[in-house]
Amino acid sequence: MAHSHSHSEPSDLHTHDHEHSNSKRKTNVLFASLVLTLGFVALETWAGFRSHSLALLSDAGHNFTDAFALLLAAVGVCWETRPGDHQKTYGYQRAGVLAAFVNALALAALSLVLFYESYQRLMHPEPVGEIMMIVVASVALVLNLGIAWALGGHGDHHHDLNVRAAWIHMAGDAASCVAIIMGAIVMRYTGWHILDPLLSILIGALVLATAWGIIRDSLNILLEGLPKGLRLRDVAKALGAIDGVLEVHDLHIWNLGSQSRALSCHVLIEDMPPSTSETILRQINEVLSHEFDIHHTTVQFEHMRCEHADENCTKPLHAIAHREVHHH
């Protein structure tokens, strides 16, 4: 029985410098966005009270949680680049995921507050200052679109859950601003002031919907669930197709952070020279890296069938996948 451990991530200096530079860029963007957002929250709160607009005050509250979200995201980016130590042997890659989870919980709590305040305003409608709503919401739209572009313009929000949470905050705010502007125009010419709390409800629903997606994805990572987009059977089938591999079992795949995946498994191979098993291991890591973007692997080679494969090693799934490959 042999045990093999492999990190197939690129470790050259150029890659390290690129990752460090990318992390620094994201941190700078997040902190700059934080300062701008806090300044605008003060302006929008003042405008909301002056115009008696619950929609503006709701959006100001949403923007305040955005500021908190940006702060969490910035701290998360700083922490997740720290190397591992004797206590945190995997490093701090999940700091950003944890920040995204807390961020999403704050969003969900905010949506409940918005629903309550909107209900109160529906029971007791008040006139609002439509012109001020339009002006402030227009400024907010430009600000939020600018920050969203800065966060997502390089495609980071598709891969980094932490940055994605902050980007969704900004994109959601931009959509809220469009709704506020349109609602203010309608109220200006129709006098339907009930639209103000209805807009607030719409913003709350948008907040809740975006928060749920982040909570689901971050919880999956924190609970070491299967990475999004992967199927265990597909990975087992690809490994079973490698020459020399007789069976794959006890297969586990999880996320170390929002961008890095890890895998451990037992691989049954024929009794062969060490050089041949090294070749198999290299092929395993190439398949995992190129086809499934898995770079952190722990592979245990075995030369006899696991006694408890049927009970504890989820053997039936992987054995079936292996047989499918050879039958074709």
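A quick note: this is a predicted structure, and the numbers were derived from the prediction, not measured.

Cut-offs applied
- Residues numbered from 1 in each chain as written.
- Predicted model: local features only at pLDDT ≥ 70, side-chain atom pairs only at ≥ 80, totals over all residues.
- Heavy atoms only, no water.
- 1 Å grid on protein atoms, 1.4 Å probe; cavity = no way out; pocket = protein on both sides within 12 Å on 5 of 7 lines; lining within 4 Å.
- Points joined across faces, edges and corners; volume = space filled by probe spheres on them.
- Helix = DSSP H or I, 4+ residues; strand = E, 2+ residues; numbered from the N terminus.
- Nonpolar A, V, L, I, M, F, W, Y, C, P; charged D, E, K, R; others polar.
- Patch = residues over 30% accessible without salt bridge, like charges linked within 9 Å, V, L, I, M, F, W, Y side chains within 5 Å.
- Areas by Shrake-Rupley, 256 points an atom, 1.4 Å probe, with all protein chains shown as cover.
- Salt bridge = Lys/Arg side-chain N within 4 Å of Asp/Glu carboxyl O.
- Buried < 20%, exposed > 50% of the residue type's maximum accessible area, 1.4 Å probe, protein only.

Examining empty space enclosed by the protein
- Using the criterion set out here, one finds two cavities of 30 Å³ or more in the structure.
- For the second largest cavity, the calculated volume is near 30 Å³.
- Taken together, His 62, Leu 107, Ile 168, His 169, Gly 172, Leu 206, Val 207 and Thr 210 make up the lining of the second largest cavity.
- Breaking the lining of the second largest cavity down by element, the ones donating at least two residues are α5 (161-190) and α6 (195-222).
- When its residues are assigned to classes, the lining of the second largest cavity shows four nonpolar, four polar and no charged.

A short note on a nonpolar patch on the surface
- There is a patch of nonpolar side chains on the surface, built from Phe 31, Phe 68, Leu 71, Val 75, Trp 79, Leu 98 and Val 102 and spanning about 570 Å² of accessible area.
- At the level of secondary structure, the elements contributing two or more residues to the nonpolar patch comprise α2 (54-80) and α3 (95-123).
- The residue Phe 68 is located in helix α2 in this model.

Concerning the pattern of salt bridges
- According to the stated counting rule, one finds four salt bridges in the structure shown.
- Between Asp 217 and Arg 216 there is a salt bridge, and its shortest N-O distance comes to 3.4 Å.
- Taking the relative accessible area as the measure of exposure, Asp 217 reaches 11% and is therefore buried.
- Looking at Arg 216, the relative accessible area reads 42%, which means it is partly exposed.
- Note that Asp 234 is salt-bridged to Arg 231, the shortest N-O span being 3.0 Å.
- Several salt bridges share partner residues, and in doing so they unite Arg 216, Asp 217 and Lys 228 into one network.

Some remarks on the environment of Val 142
- In this fold, Val 142 is placed in helix α4 (residues 130-152).
- A relative accessible area of 62% places Val 142 in the exposed class.
- Expressed as a C-alpha distance, the spacing of Val 142 and Ala 174, which sit 32 residues apart in the sequence, is 7.9 Å.

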